[in-house]
Amino acid sequence: MARMTGRRILFAVPVLLVVTFGVFAVAAASPFDPVKAYTGTAGLTASQENLDQIRANLGVDQPLVTRWWNWLTAALTGDLGDSTVLRQPVADVVTERIGWSALLAATAFLVAIVLGTALGVLAARRQGGWLDRCVSSAAYTLEAAPAFWLGLLAIWFFALKLDVLPAGGLTDTESEVVTFDQVATHLVLPALVLGVSQLPWFFLYVRQGVADALEEDPVRGARARGLNERTVLIGHALRSGMLPMLTLIGSRVPELITGALLVETVFSWPGIAAATVQAATSVDFALLAALTVLATAAVLLGNLLSDLLYGLADPRVGFDG
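So, how was this worked out
- Residues numbered from 1 in each chain as written.
- Predicted model: local features only at pLDDT ≥ 70, side-chain atom pairs only at ≥ 80, totals over all residues.
- Heavy atoms only, no water.
- Helix = DSSP H or I, 4+ residues; strand = E, 2+ residues; numbered from the N terminus.
- Buried < 20%, exposed > 50% of the residue type's maximum accessible area, 1.4 Å probe, protein only.
- Contact = heavy atoms within 4.5 Å.
- Areas by Shrake-Rupley, 256 points an atom, 1.4 Å probe, with all protein chains shown as cover.
- Lys, Arg positive; Asp, Glu negative; His and termini not counted.
- Charge placed at Lys NZ, Arg CZ, Asp CG, Glu CD.
- Axes fitted to C-alpha atoms, helices over the stretch in contact; angles between N-to-C directions.
- Parallel < 35°, antiparallel > 145°, perpendicular 65-115°, else oblique.
- Left-handed = near helix turned anticlockwise from the far one by under 90°.
- Nonpolar A, V, L, I, M, F, W, Y, C, P; charged D, E, K, R; others polar.
- Expected span 1.5 Å × (residues − 1).
- Arc of directions from axis to C-beta.
- Bend = angle between axes of the 7 residues up to and from the residue.
- Phe/Tyr/Trp six-rings, centres within 6.5 Å; stacked < 30°, edge-to-face > 60°.
- Core = buried A, V, L, I, M, F, W, Y, C linked by side-chain atoms within 4.5 Å.
- Polar contact = N/O pair within 3.5 Å; in protein donor to acceptor, adjacent residues only side chain to side chain.

Q: Let's hear about the overall build of the protein: which residues, and what values?
A: Looking only at helices and strands, the protein features 13 helices and two strands. Its C-alpha atoms put the protein at 85 × 55 × 35 Å along the principal axes. Across the 321 residues that make up the protein, the buried fraction comes to 38%. Long-range contacts, defined here as pairs at least 24 residues apart, represent 74% of the contacts in the protein between residues at least 6 apart. With an accessible surface of roughly 17200 Å², the protein has 65% of that area assigned to carbon and sulfur atoms. Averaged over its 20 positive side-chain charges, the protein has a centre that lies 13 Å from the centre of its 26 negative ones.

Q: I'd love a proper account of the environment of Ala 12, names of residues and values included.
A: Of note, Ala 12 is situated in helix H1 (residues 2-29). We classify Ala 12 as buried; its relative accessible area is 14%. Along the chain, Ala 12 and Gln 208 lie 196 residues apart, while their C-alpha atoms are 32 Å from each other.

Q: Give a description of the packing of helix H7 (residues 147-161) against helix H8 (residues 180-214) that names residues and reports values.
A: Look at H7 against H8: their axes get within 9 Å of each other, and the N-to-C directions meet at 140°. Classified by the interaxial angle, the pair formed by H7 and H8 is oblique. Considering how the two elements wind past one another, H7 and H8 form a crossing that is right-handed. Between H7 and H8, the residues in contact are Ala 147, Leu 150, Gly 151, Ala 154 and Phe 158 and Leu 189, Val 193 and Ser 197, respectively. Classifying every residue of the contact of H7 with H8 gives six nonpolar, two polar and no charged.

Q: Requested: an account of helix H4 (residues 64-76), with residues and values cited.
A: Under the 1.5 Å per step criterion, the end-to-end length of H4 is 19 Å for 13 residues, consistent within 8% with the ideal 18 Å. The set of residues buried in H4 consists of Arg 67, Trp 68, Trp 71 and Leu 72. End-on, the buried residues of H4 take up no more than an arc of 125°, which puts them together on one face. Within two residues after H4, Gly 78 carries a phi angle of roughly 95°, on the positive side.

Q: Can you lay out helix H11 (residues 243-267) for me, pointing to particular residues and giving the numbers?
A: A rise of 1.5 Å per residue sets the reference length of H11, with its 25 residues, at 36 Å; its end C-alpha atoms lie 34 Å apart and thus fit the reference within 8%. The sharpest bend along H11 reaches about 40° and sits at Arg 252, with the proline Pro 254 one to four residues further on. Immediately beyond the C-terminal end of H11, within one or two residues, lies Ser 268, with a positive phi of roughly 50°.

Q: Explain the packing of aromatic side chains to me, and be specific about the residues and the numbers.
A: Summed over all chains, the structure comprises seven aromatic pairs. On the basis of an interplanar angle of 80° and a centroid distance of 5.7 Å, the ring pair of Phe 109 and Phe 202 is categorised as edge-to-face. Of the two residues, Phe 109 sits in helix H5 (residues 90-125) while Phe 202 sits in helix H8, which places them 93 residues apart along the sequence. For Phe 109, a relative accessible area of 14% puts it in the buried group. Judged by relative accessible area, which is 0%, Phe 202 ranks as buried. Three or more aromatic residues joined by ring pairs make a cluster, and in this case those are Phe 21, Trp 68 and Trp 69.

Q: Describe the nonpolar core, with residues and values.
A: In this structure, Leu 104, Leu 194, Phe 202, Val 210 and Val 263 are the most contacted members of the largest nonpolar core, which totals 40 residues. Broken down by secondary-structure element, the contributors of at least two residues to this core are H5, H7, H8, helix H10 (229-241) and H11. Looking at which element gives the most residues to this core, the answer is H8, with twelve residues. If you look at the next biggest cluster of nonpolar residues, it comprises 24 residues, including Val 90, Ala 279, Phe 285 and Leu 287.

Q: An account of the side chain of Gln 198 is needed here, citing residue identities and associated values.
A: Mapped onto the elements of the fold, Gln 198 is located in helix H8. Take Gln 198: its relative accessible area is 3%, and that puts it in the buried class. Look past the residues within four positions of Gln 198 in its chain and what remains in contact with it is Ala 112, Arg 252, Glu 255 and Leu 256.

Q: Hey, could you go over the side chain of Ser 136 for me, with residue numbers and the actual values?
A: By the element assignment, Ser 136 lies in helix H6 (residues 130-143). Classification of Ser 136 by relative accessible area gives buried; the value is 10%. Within the local environment of Ser 136, its side chain forms a polar contact with the backbone oxygen of Asp 132, the two atoms lying 2.7 Å apart. In this structure Ser 136 touches Phe 203 and Arg 207, once residues within four positions along its chain are discounted.

This is the structure we're talking about:
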């Protein structure tokens, strides 16, 4: 396990270097002017000399490789630079927002895994039954449904039609303090929407895995020994059938990040979505690079986690092989 983890960490270093350089390259080729984004309406009346001075102060007059290298060497010392669009240190931007994004993503992932597993087991137990047909049809439909569309539909139904849940934000509009109860209430809709958008893949993997496991000889033998159906289903078929689903965890992280950005925007959740959009449209090099590194690291960590879980669940798989 330690050797595999070490190899993955070594592999992650060049990947992150390439990704950060790619961010600076794409931003440099962008039609958006960071100086115009920084100055706003004041830039319309500013002299060319002042604009050139601002360009030099921001460092965007330097060559691409120089900008990337200066940011990288500073980042290695803990200095992520300053956000030109939000006018504050990048480290502060990330610190203020990443916790809320992580809370939303973790809650949604838990919803997707728990509901997907439970529904997958129930559907596999009686393939072709009404539950299997209904949930499978819904899963295939949800696969094609964009997360932002599900969010708007949820707001219309639960917030506007039934008026049982808030439409967005972190707290009530009249509240000046953040309380656990308000955060929990406001988290329900975005977490459910994001979780439901990820649920079809977990459901389909578990359903197929458990259905295949029920036809295997060890499960048939467990039934022949007189074990009750619940023990056979949970103790034997589920463990074997969930192995393919464990590999799905890592591959769903990029989709989870993308979905989280859309859901945060729809529900005005104070995560990193707004910062990401602003950084992209304003060509905020430092903030773009930091957020991209975080997203890439999350994907690499998700892949490592899925491999570790698979190895722990199936002793036949060697960590160092």
